Amino acid sequence: MGTFNMPRHYIRKTNRGFTSELIKAAADEVIIENKSVRSTAKKFNLCHVSLSRYVAKFKTNMYFGLTPRDIKQLAYQFAHKLGLKYPEVWGKNLMAGPDWFTKCLKRNSSLSLRQPETTSLSRAMNKANVNLFMDKFQQVLLKYKFEAQHIYNIDETGVTTVQTPSKIVATKGKKQISAITSAERGVLVTMCIAVNGTGCAIPPMFVFPRFKFHQHFLRGGPAGCVGTANKSGWMKGPEFLTFMEHFVNHVRPSLEKKVLVLLDNHESHLYLPVIDFCKYNGIVLLSFPPHCSHKLQPLDRSVYGPFKKIVNREMDQWMTMHPGSRMTIDDIPQIVAGALPDAVSPRNIMSGFKVSGIWPFDRNIFREDEFAPSTVTDIDELESNQINQDTHPEQELFNSLEQVLNIAILNQNYTSVLIKLM
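None of these values were measured; they are calculated from a predicted model.

Engineer: For the environment of Thr 228, give the residues involved together with the corresponding values.
Structural biologist: In this structure, Thr 228 sits in strand S4 (residues 226-230). Sequence separation between Thr 228 and Thr 190 is 38 residues, and the spatial gap between their C-alpha atoms is 10.0 Å.

The structure is reproduced here in structure tokens:
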């Protein structure tokens, strides 16, 4: 009886199947050029069913999950917008109830409540997530023909009434070196600003920790700045809507002349009226992957760092000029007005857009060693985009919510998503 030796290196005998590059090129043609799935599949010699599933999966690929609270708030906002009937307690709590959420998970068997892994910033710079963002960003650039003047970055930062003292020269060997601050604990005021790829910036907006906003809060602030207030002084949905109205007043976008806004995934950016407002005013929204803003966000790269240093220097000077006085939130706008021109300079802004690969667009701006700390959390790019044969796209609630967040990119009417949620 003869023996059979297994080959050490298997050689393919057919060309069946497809490569990731081939199906990705076909999907790009369907999404960007609005070609039909069948004609594109025929052109690339692919199965139209496989291409259709890949396109659906690629469109709805997410950067981050939503908490149960986020989903319940969105469900209430959807129901309220459509004029649907809902329990009275929903209107009181401004969110859907726990029973609705439990039944929602039962209706969507592909979803489950998961505990995310705690991941540090340095570890989460995942190459697959960054590449996914760059793919979507490139699609938007090609679809809308955006230039540097059309690309904006919006982000918030906090300014407190207690500064971090600057370094001072002291005698060697002295154990304790002190510097005067306004108080032990400071009061936070949130500042939001928008910048674009040409180095331009619009006046900031301040969120004060007060129940009611008064115009005198802005005394001495930057020219053209606006303000609002809430109990915490943090940016929330209604306050972010106020900023977007301020943004539209300065930028003047329209459905004919759209602009692109890049922002992080803060909960205030999930506010449905904000998404609605942006849709009808020609604003395309695209969010950064989580834990990547320290590399991808222009404001974080080159503006807010110098801004915080200059603010601390201005506060030191204020304490010197007002001995024995305590700084209050009324003094914040004046201090910001002194720090903003040097920090939010055209040179700093354009540098931030360049080093993050936003403009000029450079998807290979980051070196391989910058992704090295995240190797334990890396996922294979093909695996992250592969087609799940058992999951129907309409069953993916989280993916539907992502379609809402990127509504201008995907050109979908989120009213259909509301019906799926309910």
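Engineer: Give me the nonpolar core: which residues, what numbers.
Structural biologist: In this structure, Phe 133, Phe 137, Ile 151, Phe 206, Leu 260, Leu 262 and Phe 307 are the most contacted members of the largest nonpolar core, which totals 51 residues. Once you skip the residues sitting within four places of it in the chain, Phe 307 turns out to touch Thr 157, Val 159, Met 191, Val 336, Ala 339, Leu 340 and Ala 343. In terms of nonpolar packing, the next biggest core, distinct from the first, is built from 23 residues, Ile 154, Met 235, Val 259 and Ile 283 among them.

Engineer: Before we move on, can you summarise the packing of helix H1 (residues 20-32) against helix H2 (residues 37-44) with the specific residues and values?
Structural biologist: Closest axis-to-axis distance for the H1/H2 pair is 10 Å, and the angle between their directions is 145 degrees. For the element pair H1 and H2, the recorded crossing hand is right-handed. Residue-level contacts link Leu 22, Ala 25, Ala 26, Glu 29 and Val 30 of H1 to Val 37, Thr 40, Lys 43 and Phe 44 of H2. Its residues assigned to classes, the contact of H1 with H2 comprises six nonpolar, one polar and two charged.

Engineer: Give me the lowdown on the sheet that holds strand S2 (residues 188-196), citing residues and values where you can.
Structural biologist: Strand order in the open sheet formed by six strands is S4-S3-S2-S1-S5-S6, and the pairing between neighbours is mixed. Of all the strands in the sheet, just S4 and strand S6 (283-287) have a single pairing partner and so form its edges. Pairwise comparison of adjacent strand axes, ignoring direction, gives a mean angle of 25 degrees for this sheet. By the bridge criterion, five bridges tie strand S5 (residues 259-263) to S6 in an arrangement that is parallel. Looking across to S6, one finds that Leu 260 is bridged to Val 284. On top of the sheet, helix H8 (residues 237-251) reaches strand S1 (151-160), S2, strand S3 (205-209), S4, S5 and S6; it is set at about 130 degrees to S1, its chief contact.

Engineer: Break down H8 for me, with residues and values.
Structural biologist: The terminal C-alpha atoms of H8, which comprises 15 residues, lie 21 Å apart, in line with the 21 Å expected from a rise of 1.5 Å per residue. Looking only at H8, the buried set comprises Gly 237, Glu 239, Phe 240, Leu 241, Phe 243, Met 244, His 246, Phe 247, Val 248 and Val 251. Of the residues flanking the end of H8, it is Arg 252, one or two places downstream, whose phi is positive at about 60 degrees.

Engineer: Tell me what's going on with unusual backbone geometry, and back it up with residues and numbers.
Structural biologist: Between Trp 359 and the following residue, Pro 360, the backbone shows a cis peptide bond with an omega angle of -5 degrees. Turning to its location among the elements, Pro 360 is positioned in the loop between helix H14 (346-355) and helix H15 (368-371). Positioned with a positive phi, Leu 94 is a non-glycine residue whose angle comes to about 60 degrees. Checked against the element boundaries, Leu 94 lands in the loop between helix H5 (88-93) and helix H6 (98-107). Within the chain, Arg 252 stands out as a residue other than glycine whose phi angle is a positive 60 degrees. As for its position among the elements, Arg 252 is in the loop between H8 and S5.

Engineer: Give a detailed account of the pairing of S3, specifying residues and quantitative values.
Structural biologist: Of all five residues making up S3, five are buried, and the element is well covered by its neighbours. Burial of the side chains of S3 extends over both faces: Met 205, Val 207 and Pro 209 are buried on one face and Phe 206 and Phe 208 on the other. For S2 and S3, the ladder comprises three bridges, and the chain directions are antiparallel. Paired with Thr 190 across the strands is Val 207, a residue of S3.

Engineer: If you had to explain the environment of Arg 69 to someone new, which residues and values would you point to?
Structural biologist: In this structure, Arg 69 sits in helix H4 (residues 68-82). When its relative accessible area of 49% is taken as the criterion, Arg 69 is described as partly exposed. Separated by 28 residues in the primary sequence, Arg 69 and Gly 97 place their C-alpha atoms 9.6 Å from one another.

Engineer: Describe the packing of helix H12 (residues 304-321) against helix H13 (residues 332-343), and please don't skip the residues or the numbers.
Structural biologist: Put simply, H12 and H13 touch, their axes get as near as 9 Å, and they point 135 degrees apart. It follows that H12 is oblique to H13 by the angle criterion. In terms of crossing hand, the pair formed by H12 and H13 is right-handed. Together, Pro 306, Phe 307, Ile 310, Val 311, Arg 313, Glu 314 and Met 315 of H12 and Ile 332, Ile 335, Val 336, Gly 338, Ala 339, Leu 340, Asp 342 and Ala 343 of H13 make up the contact between the two elements. Broken down by class, the residue content of the contact of H12 with H13 amounts to 11 nonpolar, one polar and three charged.

Engineer: Lay out the pattern of salt bridges in plain terms, naming residues and giving numbers.
Structural biologist: The tally for this structure, following the rule as stated, stands at six salt bridges. In this structure, the salt-bridge partner of Glu 29 is Lys 43, at a minimum N-O distance of 3.2 Å. Highlighted residues: Glu 29 in helix H1 and Lys 43 in helix H2, separated in sequence by 14 residues. Its relative accessible area of 10% is what places Glu 29 among the buried residues. Because the salt bridges share partners, they merge into one network encompassing Lys 24, Asp 28, Asp 135 and Arg 363.

Engineer: Can you lay out the packing of aromatic side chains for me, pointing to particular residues and giving the numbers?
Structural biologist: The full count for this structure, using the stated rule, is 14 aromatic pairs. Both rings, one in Tyr 144 and one in Phe 146, keep their centres 5.4 Å apart while their planes meet at 25 degrees; by these two values the pair is stacked. The two residues Tyr 144 and Phe 146 agree in class, both being buried. With a centroid separation of 5.1 Å and 50 degrees between ring planes, the pair formed by Phe 208 and Phe 217 is classed as tilted. Residues Phe 208 and Phe 217 agree in their burial class; the two are buried.

The rules we used
Residues numbered from 1 in each chain as written. Predicted model: local features only at pLDDT ≥ 70, side-chain atom pairs only at ≥ 80, totals over all residues. Heavy atoms only, no water. Helix = DSSP H or I, 4+ residues; strand = E, 2+ residues; numbered from the N terminus. Core = buried A, V, L, I, M, F, W, Y, C linked by side-chain atoms within 4.5 Å. Buried < 20%, exposed > 50% of the residue type's maximum accessible area, 1.4 Å probe, protein only. Contact = heavy atoms within 4.5 Å. Axes fitted to C-alpha atoms, helices over the stretch in contact; angles between N-to-C directions. Left-handed = near helix turned anticlockwise from the far one by under 90°. Nonpolar A, V, L, I, M, F, W, Y, C, P; charged D, E, K, R; others polar. Pairing = 2+ DSSP bridges. Expected span 1.5 Å × (residues − 1). Parallel < 35°, antiparallel > 145°, perpendicular 65-115°, else oblique. Salt bridge = Lys/Arg side-chain N within 4 Å of Asp/Glu carboxyl O. Phe/Tyr/Trp six-rings, centres within 6.5 Å; stacked < 30°, edge-to-face > 60°.

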